[in-house]
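Observations on chain architecture
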Amino acid sequence: MSRGGTCPSVASFLESLPAERRQEVERIRAVVRARMPKGYEEVVKRNMLVYQVPLARYPDTYNGQPLWYVALASGKSYLSLHLVPVYGDPAQARRLEDGFKAAGKKLDMGKACIHFHHADDLALEAIGDVVASVPMDRWIAIARAARRR
């Protein structure tokens, strides 16, 4: 966040990145945006590009903040892609693992966060498939069901 509590625009976030890093982020961003189901919004939060459910569409989140779906971060020593639909979903995790294996790529992932240095390190088609797999209404239904547990 910048001073005054406002988030920077996507354009200013991208412009703030070093040229080489910006190029890598833009490549991943293009895949995410091309495959993103309708309705999710792109914003900058916590120094990341975040694709989220607008509060106007789903205001009853557990923390009063928009529900995140995907995030792309530029850290000090690596980039990270947070594919939240993979967290807690073995079928999605397997889909991603199989996609990386088929592409001959190494998957460096925590629970739902892939660490990488270059877009070429990723199985972009598999990532696009995960991004495209959960329409916003379904994502909201998953969040609601999780809150009832």
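Further up the page is the structure itself.
Keep in mind the model is a prediction, meaning the values are calculated, not measured.

**Things to note about the environment of Asp108**
With respect to the element layout, Asp108 can be found in the loop between α3 (90-103) and β5 (113-116). Accessibility expressed as a relative area gives 39% for Asp108, which makes it partly exposed. In this structure, the C-alpha to C-alpha distance between Asp108 and Ser80, residues 28 residues apart in sequence, is 9.8 Å. The contacts of Asp108, once residues within four sequence positions are left out, are Cys113, Ile114 and His115.

**A closer look at the sheet that holds strand β1 (residues 41-45)**
Taken together, 5 strands build an open sheet; the order of strands is β1-β2-β3-β4-β5 and the sheet is antiparallel. Lying at the two open borders of the sheet, with one neighbouring strand each, are β1 and β5. When strand polarity is set aside, the average angle formed by the axes of neighbouring strands in this sheet is 20 degrees. Across 6 bridges, the pairing between strand β2 (residues 48-53) and strand β3 (residues 67-74) is antiparallel. When the sheet's bridge partners are listed, Leu49 is paired in β3 with Leu72.

**Remarks on the layout of surface pockets**
Here the largest pocket is characterised by a volume of approximately 940 Å³. Taken together, 30 residues form the lining of the largest pocket, with Tyr62, Leu67, Trp68, Val84 and Trp139 sitting closest to its centre. Looking at the lining of the largest pocket, the elements that each hand over two or more residues are β3 and α5 (136-148). With 7 residues, α5 is the single largest residue contributor to the lining of the largest pocket. Grouping the constituent residues of the lining of the largest pocket by class yields 16 nonpolar, 7 polar and 7 charged.

**A closer look at the pattern of salt bridges**
Summed over all chains, the structure comprises 9 salt bridges. Between Arg29 and Glu42 there is a salt bridge whose closest N-O contact spans 2.7 Å. Highlighted residues: Arg29 in helix α2 (residues 19-35) and Glu42 in strand β1, separated in sequence by 13 residues. In terms of burial, Arg29 and Glu42 fall into one category: buried. Taking the shortest distance from any N to any O, the salt bridge between Glu42 and Arg33 comes out at 2.7 Å. Classification of Glu42 by relative accessible area gives buried; the value is 19%. Taking the relative accessible area as the measure of exposure, Arg33 reaches 46% and is therefore partly exposed. Bridged by salt links that share partners, the residues Glu26, Arg29, Arg33 and Glu42 form one connected network.

**A few points about unusual backbone geometry**
Residues other than glycine predominantly adopt negative phi, and peptide bonds predominantly adopt the trans conformation. With a phi close to 50 degrees, Arg46 is a non-glycine residue in the positive phi region. The residue Arg46 is located in the loop between β1 and β2 in this model. In this structure, Asn47 takes a positive phi of about 60 degrees despite not being glycine. Judged by its relative accessible area of 47%, Asn47 falls in the partly exposed class.

The rules behind each value
- Residues numbered from 1 in each chain as written.
- Predicted model: local features only at pLDDT ≥ 70, side-chain atom pairs only at ≥ 80, totals over all residues.
- Heavy atoms only, no water.
- Helix = DSSP H or I, 4+ residues; strand = E, 2+ residues; numbered from the N terminus.
- Buried < 20%, exposed > 50% of the residue type's maximum accessible area, 1.4 Å probe, protein only.
- Contact = heavy atoms within 4.5 Å.
- Pairing = 2+ DSSP bridges.
- Axes fitted to C-alpha atoms, helices over the stretch in contact; angles between N-to-C directions.
- 1 Å grid on protein atoms, 1.4 Å probe; cavity = no way out; pocket = protein on both sides within 12 Å on 5 of 7 lines; lining within 4 Å.
- Points joined across faces, edges and corners; volume = space filled by probe spheres on them.
- Nonpolar A, V, L, I, M, F, W, Y, C, P; charged D, E, K, R; others polar.
- Salt bridge = Lys/Arg side-chain N within 4 Å of Asp/Glu carboxyl O.

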